[in-house]
Amino acid sequence: QVQLVESGGGLVQPGGSLRLSCAASGSIFSINAMGWYRQAPGKQRELVAVITTGGRSNYADSMKGRFTISRDNAKNTVYLQMKSLKPEDTAVYYCNARLRTTVGDRFSDYWGQGTQVTVSS
């Protein structure tokens, strides 16, 4: 069984910063990519950023320069540093990990429960 547990969400004023964390635990053989997605009310879930085991990262265009994704492979943990937050960044942020639970398994996507980020004055 695999668990992804997010933390760090909350209420922040426009222009402020937040740091999200997500730790993966359980029956994990290896993790490929880890990333963050978000879903605002009435909208589809969208990619925020993703990072590979080797540290290569990709960002959605609207997050480039404001958000930074990082990863601690030893801790199976991914982080999202968010700065210059805008009201339109308000959403539930979900952690994702593409991983295998056994050596013979194929990679599958696992999701956290989500953490609310609200940007408002």
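This structure is a prediction, so every number in the text was calculated from the model and none was measured.

Caption draft 1: How the structure looks around the sheet that holds strand 7 (residues 67-72). Here four strands make up an open sheet; going across it, the order is 1-3-8-7 and the pairing antiparallel. Edge positions in the sheet fall to strand 1 (2-7) and strand 7, since each of these pairs with one other strand and no more. Sheet twist, expressed as the average angle between the axes of neighbouring strands with direction ignored, equals 15°. Pairing of strand 1 with strand 3 (residues 18-26), which is carried by six bridges, proceeds in the antiparallel orientation. Within strand 3, the position partnered with Leu4 by the bridge is Ala24.

Caption draft 2: View of the state of the cysteines. Counting across every chain of the model gives one disulfide. At a sulfur-sulfur separation of 2.1 Å, the disulfide partner of Cys22 is Cys95. Taking the sign of the S-S torsion, -80° for the link of Cys22 and Cys95, the bridge is left-handed. Remark: Cys95 occurs in strand 9 (residues 91-100) and Cys22 occurs in strand 3; sequence separation between them is 73 residues. Considered together, Cys22 and Cys95 belong to a single accessibility category, that of buried residues.

Caption draft 3: A look at the pairing of strand 11 (residues 115-119). Side chains Thr115, Val117 and Val119 project from strand 11 onto a buried face, and the interleaved Gln116 and Thr118 project onto a face without burial. Where strand 2 (residues 10-12) and strand 11 come together, three bridges link them in parallel fashion. Each bridged residue has a counterpart across the sheet, and for Leu11 the counterpart in strand 11 is Thr118. Note that strand 9 and strand 11 share three bridges and pair antiparallel. Counterpart to Val92 in the pairing with strand 11 is Gln116.

Thresholds, definitions, all that
- Residues numbered from 1 in each chain as written.
- Predicted model: local features only at pLDDT ≥ 70, side-chain atom pairs only at ≥ 80, totals over all residues.
- Heavy atoms only, no water.
- Pairing = 2+ DSSP bridges.
- Helix = DSSP H or I, 4+ residues; strand = E, 2+ residues; numbered from the N terminus.
- Axes fitted to C-alpha atoms, helices over the stretch in contact; angles between N-to-C directions.
- Disulfide = S-S within 2.5 Å.
- Buried < 20%, exposed > 50% of the residue type's maximum accessible area, 1.4 Å probe, protein only.

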